[in-house]
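Working through the structure, step by step
Residue-level listing of the chains:
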Amino acid sequence: MSSQSTCIECTHWSLKDTDRSMARLGFACCLKKNLPGYTTSAEAVACQRFAAADAGAAKARREWLEKKSGGHA
């Protein structure tokens with residue numbers, strides 16, 4: 001894991017399992033956290049459980065966030 005990695009680049013960061021109001025703010029559930037409703041910022045520094053998502057996932061996530069937030073993600 002690179003020290004520059006962020007949660008949005010991790011396979012465990014899941015917009016699908018996140019309340020849309022939180023997702024629009026740039027937060028998503030971490031599939032490795034057991035707490036219900038726990039969200040992590042897209043730009044948070046990745047933790048020790050980081051597992052890189054496939055090449056296009058982070059780009060697609062960023063585009064979705066920018067679209068939903070009006071270009072402010």
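Residues numbered from 1 in each chain as written. Predicted model: local features only at pLDDT ≥ 70, side-chain atom pairs only at ≥ 80, totals over all residues. Heavy atoms only, no water.

**Let's talk about the pairing of strand S2 (residues 27-30)**
Inclusion rule: At least two DSSP bridges between two strands are needed for those strands to be called paired. Helix numbers and strand numbers start at the N terminus; a helix is a DSSP run of H or I with at least 4 residues, a strand a run of E with at least 2.
Sheet topology places strand S1 (residues 13-14) next to S2; two bridges connect them, and they run antiparallel. Within S2, the residue paired with Ser-14 across the bridge is Cys-29. Note that S2 and strand S3 (residues 39-41) share three bridges and pair antiparallel. When the bridges of S3 are listed, Phe-27 appears paired with Ser-41.

**Focus: the sheet that holds S3**
Strand order in the open sheet formed by three strands is S1-S2-S3, with antiparallel pairing between adjacent strands. This sheet does not close on itself; its edge strands, each paired only once, are S1 and S3.

**Structural notes on helix H2 (residues 57-68)**
The following threshold applies: Helix span, as expected, comes to 1.5 Å for every residue beyond the first. Each residue is assigned to one of three classes by its accessible area relative to the maximum for its type, calculated with a 1.4 Å probe on protein chains only: buried under 20%, partly exposed between the two thresholds, exposed over 50%. Directions pointing from the helix axis toward each C-beta atom define the arc. Working rule for contacts: check all heavy atoms of both residues, and any pair within 4.5 Å makes them a contact.
For H2, with 12 residues, the first-to-last C-alpha span of 16 Å sits near the 16 Å given by 1.5 Å per residue. If you check which residues of H2 are buried, you get Ala-57, Ala-58, Arg-61 and Leu-65. Projected onto a plane normal to the axis of H2, the buried residues spread over an arc of 95° and lie on a single side. Exposed side of H2, more than 90 degrees from the buried face: Lys-59 and Lys-67 are the residues found there. Contacts made by the buried residues of H2 are with S1 and helix H1 (20-24). The first or second residue beyond H2 is Gly-70, which carries a positive phi of 75°.

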